[in-house]
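Single-letter residue listing:
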Amino acid sequence: MNLKAHAFRLSAYGAVGFLCAGVYAVILIILEQWLPVWLANPGAFLVASLVGSLGHSRYTFRRETRGDSFAKRWVTAQYLINVTVCTLLPLVLPSFLDEGIRLLILVFTPTLLNAFIWSQAARFSENKQIIRTQPLLHADDLGLSNETNYAICQLTNEGKLNGASLLVQAPATQEAVRLWSQIEQKYPDINLCLHLCLTEGPPSANTSSVKNLINGKGFLHYSFGKWLLLSLMPNNLNFKKKIRRQLSQEIKAQIKLFKILTKKNNIQLDGHQHIHLVPIVIEEIVRVANTENIKWIRSTREPLPSGLPIRYWWHAFRDAGLLKWLVLQILSIMAESKLKRNNISTNQLLSGILFTGQMTILPLKTCWQALSCHQVSKNKTSSILLAHPSSTPKINLSEEGFSISHPFAKSEYRQLEWQGLETLSEEWIN
């Protein structure tokens, strides 16, 4: 897109935004005559969102949409994300901030969010017109339990999975490696990735070299949120420098163990709970990528699927799936620029974040179809449909150091996800 086109798009975006602000103000004044402000405000914002959707689809992003309206789910996502952010943002901003800076953050954060959401909606509309390509089916958490191993290996042997990701320090890792080696004899081109784990379970490095990363029981304990907060800290802090050194030790130890277990030298890598995308983590991964032969790292750019009943979207909103989706979209964009600069390959797109925990037959199908609408770029690998099939583990994963995974693994949705993948057929996905 040339400079003139960029200027037009920016002016068009501003014009539609100005119109939406006017509509919001007028509707709010009218609604406040009959409704309390806590009802009038979201009502007025909903009307403004609908106007914004029409304006941006028919005018700002006409080149991508060809004049068609955005899919309804984009309006829903824009509305729910904005309401959530506008509600929480004033509560989380530090009290010491200057009032002028505080006002700028409150005003421009929704503006930037909207620009991101509507541009993604436009890209989705454009990609709907592209020829379909077949995504890969991939399962995480190989090694977590014998039940998880059995589900993943059975699906792979049936040709229902194209690959899996291995936890190198999980309760059933050794059995997983044994079973997977048998699968590789049958399918030599099957993919196996290192499932980097930094939030739970025992460390792979010597405990004395990662003592700040483990708790009193000797298990890794920094949550995704804590790693994210660490990323935001100034780099010159001694504590952050110390954590970086320990993080690097743990990453290299897990890579070394993966190579020993699998006899693989070239590494494909992703992260347990997508921890590999957190800035401080991806920076350390990229730093050692050359010496450790890391050739591919997973990204989580996820298109929004169509055709799902509203209850799935409600669950995604209620269970913070939409917020998780938004955070991971931003982190993936940031990570992809680093991967590109370092000549590390990644996948085109991925589905399985937004509806994690409820990937039954219908979400699996619609996510597959959403991925199939996107062409694969020259420098990327196929898109990925991510799953977590299993039956209920017989062991207590919390006692093994996997307390975050324990309730997830016990959920009935692991079995339903397994059943959904079992139903895959050429008729079903076409």
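Keep in mind that what you see is a predicted model, and the values were worked out from it rather than measured.

K.L.:
Account for the environment of Gly 216, with residues named and values stated.
P.N.:
Position of Gly 216 among the secondary structure elements: in the loop between strand S3 (191–196) and helix H8 (224–232). Of the residues examined, Gly 216 reaches a relative accessible area of 89% and is grouped as exposed. Separated by 125 residues in the primary sequence, Gly 216 and Arg 341 place their C-alpha atoms 39 Å from one another.

K.L.:
Describe the sheet that holds strand S4 (residues 267–271), naming the residues involved and giving the relevant values.
P.N.:
As summarised here, the arrangement of the 7 strands in space is S5-S4-S3-S2-S1-S7-S6, forming an open sheet in which the pairing is parallel. Of all the strands in the sheet, the pair left with one neighbour each is strand S5 (294–297) and strand S6 (350–351). Pairing geometry for strand S1 (residues 136–142) and strand S7 (residues 384–387), over 4 bridges, is parallel. Within the sheet, the bridge partner assigned to His 138 lies in S7 and is Leu 386. Against the sheet, helix H7 (residues 173–186) makes contact with S1, strand S2 (163–166) and S3, and its axis sits at roughly 150° relative to S2, the strand it touches most.

K.L.:
Before we move on, could you go through the environment of Thr 65 and cite the residues and values that matter?
P.N.:
Residue position: Thr 65 is located in helix H3 (residues 62–65). Judged by relative accessible area, which is 2%, Thr 65 ranks as buried. Taking the C-alpha atoms as reference, Thr 65 lies 8.7 Å from Phe 124; in sequence the two are 59 residues apart. Filtering out sequence-adjacent residues up to four positions away, Thr 65 remains in contact with Ser 57, Phe 70 and Ser 125.

K.L.:
Residues and numbers for the packing of aromatic side chains, please.
P.N.:
Applying the stated criterion across every chain yields a total of 4 aromatic pairs. For the pair Tyr 150 and Trp 418, a centre-to-centre distance of 5.9 Å together with 75° between the ring planes defines the contact as edge-to-face. One end of the pair, Tyr 150, is in helix H6 (residues 146–157); the other, Trp 418, is in helix H15 (residues 412–422), and 268 residues separate them in sequence. Geometrically, the ring pair formed by Trp 313 and Phe 355 is edge-to-face, given 5.2 Å between the ring centres and 75° between the ring planes. Taken as a pair, Trp 313 in helix H11 (residues 310–318) and Phe 355 in the loop between S6 and helix H13 (361–372) lie far apart in primary sequence, 42 residues in all. This pair shows no difference in class: Trp 313 is buried, exactly as Phe 355 is.

Cut-offs applied
Residues numbered from 1 in each chain as written. Predicted model: local features only at pLDDT ≥ 70, side-chain atom pairs only at ≥ 80, totals over all residues. Heavy atoms only, no water. Helix = DSSP H or I, 4+ residues; strand = E, 2+ residues; numbered from the N terminus. Buried < 20%, exposed > 50% of the residue type's maximum accessible area, 1.4 Å probe, protein only. Pairing = 2+ DSSP bridges. Contact = heavy atoms within 4.5 Å. Axes fitted to C-alpha atoms, helices over the stretch in contact; angles between N-to-C directions. Phe/Tyr/Trp six-rings, centres within 6.5 Å; stacked < 30°, edge-to-face > 60°.

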